[in-house]
Amino acid sequence: MVSQAQPLVMTTPRCEQNVSVANIEEFSTFPTPMQDFLYDRHYRYFPMLLTVPNKCTIPKRSGEPFFLLTIKSSPENYERRAVLRKTWAAERLQNGMWIRTVFLTGTTGTGFKKQRLNKLLKLENTRYQDILQWDFTDSFYNLMLKQVLFLDWMQNWCPTADFLFNGDDDVFANTDNMVEFLKGQRDNKHLYIGQLLLTSPPVRNKNSKYFIPELIEKADMYAPYCSGGGYLYSRFTARTILQMSQSITLMPIDDVYMGMCLQRAGLRPMNHHGVWANGLIIPSNKLDIYDPCHYREIILSHKFFPHQIFLLWDEIHGKDLKCSKKEVNL
């Protein structure tokens, strides 16, 4: 058994760049991050630096379902992880459902900076046992590596998770409400819900963060997918996505890639009105966007600073919180 306090060192060979892509027409006009992605696109196996082999040892007692939170986090985002551990990502038995948490991360920087951040993550993992780290550059274009590497880890080390959450470390996730929703989904084999995007075209503007050349995606529209800010899915769906990913070439936008895997399997993502992955829309600019009453009944909203998450989580659990009556079907 691998010691939980020690990094798991693997001898996976380093990736050799596919330099032939530089001969492709227009390659030299692509932004540097896109060029780097295309050089390494064929490679999806990276050494694992930190793991938590006992994360999914859950006492089943009377058959309580198991909900695993998987949160994408960059190495330097220590404050975000610290707040989430104290709020919505706290590991607990929530209304009959076990909640466990892992943060998915790569590496940042080079030289001394990379060494310091790796030491930070090792310290965190020694104390909290919730870091999965691989030795690839943690960047926007590599987010899909976190998805496929995690799903492979899950198959080997956490096959008992009934449901999973995948999201960013700057979201406010009302995991209490997630549990209530998921308890009604145990008979559904396939589940993949979030903020659904049905008609999203690839961005061809080379100055955009989301730029995708026709070399990667020729279609005018992506397959339906849920915004990567946060979504829920089932164990069956997770295993199916992993299986499909083995034959689908990696692409640099992770939520789009997940949608491609679902489409290949003949499965559809679904919309949930309680997921606001691009941020909650408040009906009037005269209202406080951070009023806890806006967030008490939803599942997820995006773009929060750590202090906002910490305060909001406390407020929605306050016994003296008074909000107007409103029925919300989770």
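Parameters at a glance
Residues numbered from 1 in each chain as written. Predicted model: local features only at pLDDT ≥ 70, side-chain atom pairs only at ≥ 80, totals over all residues. Heavy atoms only, no water. Helix = DSSP H or I, 4+ residues; strand = E, 2+ residues; numbered from the N terminus. Rg over C-alpha atoms; globule rule 2.2 N^0.38 Å. Contact = heavy atoms within 4.5 Å. Areas by Shrake-Rupley, 256 points an atom, 1.4 Å probe, with all protein chains shown as cover. Lys, Arg positive; Asp, Glu negative; His and termini not counted. Charge placed at Lys NZ, Arg CZ, Asp CG, Glu CD. Buried < 20%, exposed > 50% of the residue type's maximum accessible area, 1.4 Å probe, protein only. Pairing = 2+ DSSP bridges. Core = buried A, V, L, I, M, F, W, Y, C linked by side-chain atoms within 4.5 Å. Axes fitted to C-alpha atoms, helices over the stretch in contact; angles between N-to-C directions. Parallel < 35°, antiparallel > 145°, perpendicular 65-115°, else oblique. Nonpolar A, V, L, I, M, F, W, Y, C, P; charged D, E, K, R; others polar. Left-handed = near helix turned anticlockwise from the far one by under 90°. Phe/Tyr/Trp six-rings, centres within 6.5 Å; stacked < 30°, edge-to-face > 60°. pLDDT = per-residue confidence, 0-100. Disulfide = S-S within 2.5 Å.

What to know about the overall build of the chain
Secondary structure assignment for the chain yields eight helices and 14 strands. Relative to its length of 330 residues, the chain is compact, with a C-alpha radius of gyration of 20 Å against a globular reference of 20 Å. The principal-axis extent of the C-alpha atoms belonging to the chain is close to 65 × 50 × 40 Å. Summarising the internal contacts of the chain: among those between residues at least 6 apart in sequence, 79% fall at separations of at least 24. Accessible area of the chain: about 16,300 Å², with a carbon and sulfur share of 52%. Separation of charge centres in the chain, based on 38 positive and 33 negative side chains, amounts to 4 Å.

Looking at the pairing of strand E5 (residues 131–137)
Taking burial as the measure, the seven residues of E5 include six buried ones, the bulk of the element. Where strand E1 (residues 48–50) lies against E5, two bridges are found, and the strand directions are antiparallel. Bridging across to E5, Leu50 finds its partner in Gln133. One ladder, built from four bridges, connects strand E4 (residues 97–107) with E5; its direction is parallel.

As for the nonpolar core
Ranked by size, the top nonpolar core spans 58 residues in total, and within it Met34, Leu132, Trp134, Phe150, Trp153 and Met251 carry the most contacts. Examining the composition of this core, we find that eight residues originate from one element, helix H4 (residues 143–157), more than from any other. In contact with Met34, not counting residues within four places along its chain, are Tyr141, Phe211, Ile212, Pro213, Ile216 and Pro252. Of all hydrophobic cores here, the second largest spans 38 residues; its members include Leu69, Ala173, Ile193 and Leu232.

As for the packing of helix H6 (residues 235–245) against helix H7 (residues 254–264)
For the pair H6 and H7, the least separation of the axes is 9 Å and the interaxial angle reads 95°. Relative to H7, the element H6 is oriented roughly perpendicular. Residues Thr237, Ile241, Met244 and Ser245 of H6 pack against Tyr257, Met258, Cys261, Leu262 and Arg264 of H7. Taken together, the residues that form the contact of H6 with H7 break down as six nonpolar, two polar and one charged.

Here's the deal with the packing of H4 against H6
One way to put it is that H4 packs onto H6 with a least axis distance of 10 Å and a crossing angle of 120°. Considered as vectors, H4 and H6 are oriented oblique to each other. In this structure, H4 meets H6 at a crossing whose hand is left-handed. Contacts between H4 and H6 involve Val148, Leu151, Asp152, Met154 and Gln155 on the former and, on the latter, Arg235, Ala238, Ile241, Leu242 and Ser245.

Re the packing of aromatic side chains
Tallying each qualifying case throughout the model produces 19 aromatic pairs. Between Phe172 and Phe304, the ring centres sit 6.0 Å apart and the planes meet at 50°, which makes this aromatic pair tilted. Of this pair, Phe172 sits in strand E7 (residues 172–173) while Phe304 sits in the loop between strand E14 (300–301) and helix H8 (306–316), and the two are 132 residues apart along the sequence. The exposure class of Phe172 is buried, given its relative accessible area of 0%. One aromatic cluster is present, built from ring pairs that chain together Phe172, Tyr290, Tyr295, Phe304 and Trp313.

A closer look at helix H1 (residues 32–40)
For H1, every residue scored as buried is listed here: Met34, Gln35, Phe37, Leu38 and Tyr39. Elements in contact with the buried residues of H1: H4.

A short note on the confidence of the model for the chain
Model confidence for the chain is summarised by a mean pLDDT of 91, while 93% of its residues fall at 70 or above. Taken together, the stretch residues 1–13 has pLDDT below 50 and engages in 28 contacts with residues farther than four places along the chain or on a different chain.

A short note on the sheet that holds strand E13 (residues 275–276)
Pairing is mixed in the open sheet, where three strands are placed in the order E7-E14-E13. The open sheet has two edge strands with one neighbour each: E7 and E13. With two bridges joining them, E7 and E14 adopt antiparallel strand pairing. Bridge pairing links Ala173 to Leu300 in E14.

Quick word on the state of the cysteines
Inspection of every chain in the model, using the stated rule, returns two disulfides. Residue Cys56 pairs covalently with Cys158 via a disulfide, S to S 1.9 Å. Judged by the sign of its S-S torsion, about -95°, the bond between Cys56 and Cys158 is left-handed. Within this pair, whereas Cys56 is found in the loop between E1 and strand E2 (66–72), its partner Cys158 is found in the loop between H4 and strand E6 (163–168), the two being separated by 102 residues in sequence. Using a relative accessible area of 11% as the deciding quantity, one classes Cys56 as buried. Among the residues examined, Cys158 registers a relative accessible area of 0% and is labelled buried. The disulfide that involves Cys293 links it to Cys323, with 1.9 Å between the sulfurs. What sets the handedness of the Cys293 and Cys323 disulfide is the S-S torsion sign, and at about -85° it is left-handed. Pair noted here: Cys293 is in the loop between E13 and E14 and Cys323 is in the segment after H8, with a separation of 30 residues, a long-range link. When the bonded cysteines of the chain are numbered from the N-terminus onward, they pair as 1-2, 3-4. In this structure Cys226 is not part of a disulfide, and its nearest cysteine sulfur, from Cys261, lies 14 Å away. A relative accessible area of 0% means that Cys261 is categorised as buried.

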